[in-house]
Amino acid sequence: MSETKVKHADEIFKSFKMQSVSEFFKKNAAMLGYTGKLRSLTTLVHEGVTNSLDACEEARLFPDISVYISEIGPEHYRVIMEDNASGIPLDYIPHVFGKMLAGSKAHRNIQSRGQQGIGVSGAVMYSQVTTGKPTEVVTSTGDKIINKVNIKIDVEKNAGEILSHETLKNPEKWRGTRINLEAKNLQYNRSKYGPYSYLKMTAIANPHTRILFVEPDGTKILFDRNVREIPKHPKEMKPHPHGSSADDILSMIKNSSATRVRTFLVSEFTRVSTKKVEEIEQISGLDLDINPKKVDWEYAEKLVSAIKQITFMAPPTEGLIPIGADSVKLGLEGILAPEFVHTVTRSPQTYQGGIAFIVEAGLAYGGGAGNNGLDIIRYANRTPLIFDQGGCCITEAAKSIEWKRYGVKDDNAPLTIFVNLVSTHIPYTSAGKQAIATEEEIYNEIRFALMEAGRSLSRYLSGKRRAHEKLTKKKTLLRYVIETSNALGSLIKTDDNSKIIKALTDIVEKKYDFEETNGNEEESTTLSEENGEEEVIENGE
């Protein structure tokens, strides 16, 4: 009989060890999008460009971004990204590039491309673990000096470590940031998942941006600016009571200076008035005049339970800044040069009870639209979502539409479907931020936006089809004018058929001019009847 030695808890817990956030993501780089050679390269570019765009808009500057990719060995690339934003003060460089879950936006309820404070530091981490080399950062705020540092991440401390620092003169008052890093296990190509496609999609949703891209073979591509207006800066928004949990309330209390729960609710939440507080007090039976610091978990749960029973106005949406239907149209036209474009910006809505969002959609048909057929391009706060398309709410909503109803014959149609979700909190499915979770309210809004744009596409395609059919009939009839004129000339015994030819030609021309004039009214009536069922679906929600 064999004996099994039972381990004591003291022995088991000898191996218990704390690990930092950096150490966790070092071992789980795939969670940040660093999985696969092409995807890893695109993720590096994405993190740098996203930071640059946010920094430029924060400083109210038109973004001028340059991206250089060069191959320096097998599956070994150098990536350089430069912007003209505000630059980074020397003291903040270790925090920006070396500390994960840190940043100026991570703790604020504000619309932004980045939310977690791990993007560009994740790029430094990936470079470090694949090459062992630091990342070079050159930056200036436009004063007399340029700071040039080599930085690595101390993964145990989750902190940036400057290995070298050099101060350069700045006689031309250059302002901006230039990141220079190397990484291995990468691959470059021009597929829809590569950096080229990513930058092209970025240019569509950010038409106020100029992007210069230099590929590994030296090819230079310029995605030029199509809009001469910097987007309005999003405002920080107070949370809506319906979107808050007991844990949220306890966390907010720690940072509040309110001396009573009553004033805490009014000052820290949006749409909570004195009258609403009285309703909360009546339903919960709680004393709302106690100091918020005395609130415990049980009290917070009763508070949340009462809040859920009260109707509040929808959260304000002035803090959300959509691209705008006109700018989306300019972006699609400037990059894809399609023969037809229609764009839609829906009214603000909420999901999970109180998180505001806006859906923007666009359809581009013909020209450079469609990626060898029907193509869905997805965005969250103007940022392209390249990967994980199958598990994304946008994809599911777009594929749920019966496109044949709108005149799109099959998946080979040259159609680009554009969708941008705008919110202070994008419900991503993972830390890689490449897919949006299927929230019912968001899913429905995307469908409504696409159906609205689809109706316009249907009218265009229907008109195009009718025009083609008329032209075909007209050409067919005109082809027999000479032969018919000769036959008629023989019957009336005349050698000059020119008058007969002219008369028959005029009859054909007038017939189709007449049909074209009256056909538009007929077409409108038919489309209205065709789209009636879709209208019912939307209004029925």
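Rules of the game
Positions within a chain are numbered from 1, following the residues in the order the chain's sequence is written. In view of the model being predicted, local features appear only for residues whose pLDDT reaches at least 70, and side-chain atom pairs are presented and counted only at 80 or more, with totals across whole chains, interfaces and linings using the full set of residues. The side-chain figures draw on all heavy atoms in the structure; neither hydrogens nor water molecules are used. Each helix corresponds to a stretch of at least 4 residues labelled H or I by DSSP, and each strand to a stretch of at least 2 residues labelled E; elements are numbered beginning at the N terminus. Buried means the residue's accessible area, taken with a 1.4 Å probe over protein chains only, is under 20% of the maximum for its type, while exposed means over 50%, and partly exposed covers the values in between. Every residue pair with non-hydrogen atoms within 4.5 Å of one another is taken to be in contact. Values of accessible area rely on a 1.4 Å probe in the Shrake-Rupley scheme; residue burial ignores everything except the protein chains shown. Arc, as used here, means the arc of the directions from the helix axis to the C-beta atoms. Nine residue types can take part in a nonpolar core, namely buried Ala, Val, Leu, Ile, Met, Phe, Trp, Tyr and Cys, and a core is a set of them joined through side-chain atoms within 4.5 Å. To pair, rings of Phe, Tyr and Trp, with the six-membered ring standing in for Trp, must have centres within 6.5 Å; the planes then decide the type, stacked if under 30 degrees apart, edge-to-face if over 60, and tilted in the middle. Note on criteria: charge over ring means Lys NZ or Arg CZ within 6 Å of the ring centre, with the direction from the centre no more than 35 degrees off the ring normal. Two strands are counted as paired when DSSP detects at least two bridges linking them.

## Here's the deal with the overall build of the protein chain
- Helices and strands together make up the secondary structure of the protein chain, namely 16 helices and 14 strands.
- Every one of the 541 residues in the protein chain was classed for burial, and the buried ones make up 48%.
- A separation threshold of at least 6 residues defines the contact pool for the protein chain, and within that pool the share at least 24 residues apart is 72%.
- Counting only carbon and sulfur atoms, one obtains 50% of the accessible surface of the protein chain, whose full area is about 27,000 Å².

## Quick word on the environment of G362
- Within the element layout of this structure, G362 appears in strand 11 (residues 355-365).
- Spatially, the C-alpha atoms of G362 and T345 are 8.8 Å apart, while their sequence positions differ by 17 residues.
- In contact with G362, other than residues within four places in its own chain, are H342, T343, T416, I417 and F418.

## Here's the deal with helix 9 (residues 274-284)
- When we look at burial in helix 9, the residues that qualify are V277, I280 and S284. The buried side chains of helix 9 occupy one side of the element, clustering within an arc of 55° when seen end-on. When the buried face of helix 9 is taken as reference, the exposed residues oriented beyond 90 degrees from it are K275 and Q282.
- Downstream of helix 9 by a residue or two, G285 has a phi angle that is positive, lying close to 75°.

## Concerning the nonpolar core
- By size, the foremost hydrophobic cluster in this structure holds 56 residues, and its most contacted members are V67, I69, F97, L199 and F418.
- With 7 residues, helix 6 (residues 195-205) is the single largest residue contributor to this core.
- Those residues within four positions of F418 in sequence are excluded, and the remaining contacts are I204, A205, I323, V328, L332, E360, A361, G362, I377, Y379 and L450.

## Details of the packing of aromatic side chains
- For the structure on display, the rule yields 9 aromatic pairs.
- Measuring from centroid to centroid gives 6.3 Å for Y188 and F213, while their planes differ by 55°, and the two rings are tilted. One end of the pair, Y188, is in the loop between strand 6 (175-184) and helix 6; the other, F213, is in strand 7 (residues 210-214), and 25 residues separate them in sequence.
- On the basis of relative accessible area, Y188 is assigned to the buried category, the value being 15%.
- Note on F213: relative accessible area 0%, which makes it buried.
- Against the face of Y196 rests R190, its NZ or CZ located 4.2 Å from the ring centre.
- In this structure, K276 packs its charged tip against the face of F312, placed 5.7 Å from the ring centre.

## A closer look at the environment of P63
- Within the secondary structure, P63 is located in the loop between helix 3 (37-58) and strand 1 (64-73).
- With a relative accessible area of 0%, P63 lands in the buried category.
- Counting along the chain gives 21 residues from P63 to N84, while the straight-line C-alpha distance between them is 6.5 Å.
- Sequence-distant contacts of P63, defined by excluding residues within four places in its chain, comprise L53, C56, N84, H208, T209, R210 and R225.

## Overview of the environment of R271
- You can see R271 is positioned in the loop between helix 8 (261-268) and helix 9.
- On the accessibility criterion, R271 (32% relative accessible area) is partly exposed.
- Between the C-alpha atoms of R271 and M313, which are 42 residues apart in sequence, the distance is 6.1 Å.
- For R271, the residues in contact, after removing those within four places along its chain, are H240, K276, F312, M313, A314, P315 and P316.

## What about the pairing of strand 5 (residues 159-169)?
- Sheet topology places strand 4 (residues 145-154) next to strand 5; 10 bridges connect them, and they run antiparallel. Directly across from K152, in strand 5, lies its bridge partner E161.
- Between strand 4 and the antiparallel strand that follows it, strand 5, lie 4 residues; N158 among them carries a positive phi value of about 50°.

## Some remarks on the pairing of strand 14 (residues 415-423)
- Strand 14 sits mainly inside the fold: 9 of its 9 residues count as buried.
- Neither face of strand 14 is left uncovered, since the one carrying L415, I417, V419, L421 and S423 and the one carrying T416, F418, N420 and V422 both have all their residues buried.
- By the bridge criterion, 9 bridges tie strand 11 to strand 14 in an arrangement that is antiparallel. Looking at strand 14, one finds that A364 is bridged to T416.
- Where strand 12 (residues 375-380) meets strand 14, 6 bridges bridge the pair, whose relative direction is parallel.

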